[in-house]
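# Commentary on secondary and tertiary structure
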Amino acid sequence: MDMQTVIQVSSISKHYGANKAVDKVSFQVRKGELFGIVGTNGAGKTTLLEMMMGLRMPDKGAIHVLGRDVLFEADLLKEDIGIHLQSTTLIDKMNVREALELFQSFYKRKNDLDMIIKQFDLEPYADKIVKRLSGGWRQRTALAIALVNDPHIIFLDEPTTGLDPAAKRDYWSLLLELKRQGKTIVVASHDMEELQRNCNHIAVMRRGEMVACDSPAALISNLPGGGMTMEAVYMHYAVESKKDEQHRPILITDESINALNLLM
Ligand SMILES: Nc1ncnc2c1ncn2[C@@H]1O[C@H](COP(=O)(O)OP(=O)(O)OP(=O)(O)O)[C@@H](O)[C@H]1O
């Protein structure tokens, strides 16, 4: 791992029975990068992200984040990373400031909350109940929460899902500002245009495998059939063709055996 590499993922796998949620995936993320992960639903993005955060353990392979071996030092790592809540249900009944204070109490290193509130333009909302905020402001609050421990790396799992285009754009400009401040950001997302514009590298997942990983420009220029956008890259690598589906192995599960027994 060279000086600039802050995440090193080495041939990690996580299988749930016969389902290869993540299969032999390797890549690295450098300091200050905005690193994107794309893939269809169920491609393994969340499993991959949560293994990097130390929330799920791989069956095989190794992950080093900020020089720590995640398999053995997940507790120590938590101090240095920011975790973005996928759902705000947990904090729905609190006001914005209370939610930030609660999450800050979990960490030893503490960022200045007033500064975070100001940076995110949350001043008018600080005393408002999270549940009553619009989707965009709730996601902004969730991002602010990810910063309460002044982390080096922020992990985000589809943070803009369900937001309108203006709120999405605002959210991405916040991410760019954090990148400018030197934060490393790893984000699973379906916002192809924003990913193309803003990411240094993007990993494309399909059925647990990483089928491509490069800069958006390289991914686009290496498209065999041509194409000008990340959307085309996504359609080429991430979306299964009818032919792939025909070759997909049939999983024999207890449920399918029971169903067959019922038919016979
Ligand atoms: N805890 C679990 N137990 C069993 N199977 C799981 C578990 N978590 C994920 N899976 C399976 O692993 C595969 C990858 O799931 P994962 O949630 O990582 O995909 P994803 O790309 O994040 O999808 P989405 O965009 O829908 O969140 C899916 O087939 C999913 O059903």
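Small disclaimer: the values here were computed from a predicted structure and weren't measured.

## Some thoughts on the overall build of the protein
Helix and strand counts for the protein stand at eleven helices and ten strands. Put simply, the protein has 264 residues, and 36% of those count as buried. At a minimum sequence separation of 6, the contacts of the protein that also span at least 24 residues come to 68%.

## Quick word on the site of the ligand
Close contacts around the ligand come from Tyr-16, Asn-19, Ala-21, Gly-39, Asn-41, Gly-42, Ala-43, Gly-44, Lys-45, Thr-46 and Thr-47, and that covers them all. Contributions of two or more residues to the shell around the ligand are made by strand E2 (19-30) and helix H1 (45-52). In terms of residue count, the dominant contributor to the shell around the ligand is H1 (three residues). Residues belonging to the shell around the ligand are distributed by class as follows: three nonpolar, seven polar and one charged.

## Description of the sheet that holds strand E6 (residues 81-83)
Sheet architecture is open: six strands sit in the order E6-E7-E8-E3-E9-E10, paired in mixed fashion. Strand pairing shows two members of the sheet lacking a second neighbour, E6 and strand E10 (209-214), which therefore form its edges. For this sheet the average axis-to-axis angle between neighbouring strands, irrespective of direction, equals 15°. With three bridges joining them, E6 and strand E7 (residues 153-157) adopt parallel strand pairing.

## What to know about the nonpolar core
Within the largest apolar cluster, 63 residues are counted, with the highest numbers of intra-cluster contacts made by Met-52, Val-65, Phe-155 and Val-186. Ranked by residue count, the leading element in this core is helix H5 (residues 135-145), at five residues. Beyond its immediate stretch of four places on either side in the chain, Phe-155 contacts Leu-49, Met-52, Met-53, Ile-81, Gly-82, Ile-83, His-84 and Val-186.

## Concerning the sheet that holds strand E1 (residues 5-16)
Read from one edge of the open sheet, four strands run E2-E1-E4-E5, paired in antiparallel fashion. Strands with a single pairing partner mark the edges of an open sheet, and in this sheet they are E2 and strand E5 (68-69). Of the strand pairs in this sheet, E1 and strand E4 (residues 60-65) are connected by five bridges, and their pairing is antiparallel. Looking across to E4, one finds that Ser-10 is bridged to Ala-62.

## Notes on the environment of Asn-111
For Asn-111, the position within the fold is in the loop between helix H3 (96-104) and helix H4 (113-119). When the C-alpha positions of Asn-111 and Thr-89 are compared, they lie 23 Å apart, and in sequence the two are 22 residues distant. Not counting residues up to four positions away in its chain, the partners in contact with Asn-111 are Ile-116, Leu-147, Val-148, Asn-149 and Asp-150.

## Points about the pairing of E10
Where strand E9 (residues 201-206) lies against E10, five bridges are found, and the strand directions are antiparallel. Note that in E10 the partner of Val-204 across the bridge is Ala-212. Connecting E9 to the next strand, E10, in antiparallel fashion are two residues, including Arg-207 with a positive phi near 45°.

## Here's the deal with the pairing of E4
Looking at chain direction, E4 and E5 are connected through two bridges and run antiparallel. From the neighbouring strand, His-64 faces E5, where its bridge partner is Asp-69. Once E4 ends, the chain turns through two residues before running back antiparallel as E5, passing Leu-66 with a positive phi of about 50°.

Reading the values: rules and limits
Residues numbered from 1 in each chain as written. Predicted model: local features only at pLDDT ≥ 70, side-chain atom pairs only at ≥ 80, totals over all residues. Helix = DSSP H or I, 4+ residues; strand = E, 2+ residues; numbered from the N terminus. Buried ≥ 20, exposed ≤ 12 C-beta atoms within 10 Å, placed from the backbone. Contact = placed C-beta atoms within 7 Å. Near = placed C-beta within 6 Å. Nonpolar A, V, L, I, M, F, W, Y, C, P; charged D, E, K, R; others polar. Pairing = 2+ DSSP bridges. Axes fitted to C-alpha atoms, helices over the stretch in contact; angles between N-to-C directions. Core = buried A, V, L, I, M, F, W, Y, C linked by C-beta atoms within 7 Å.

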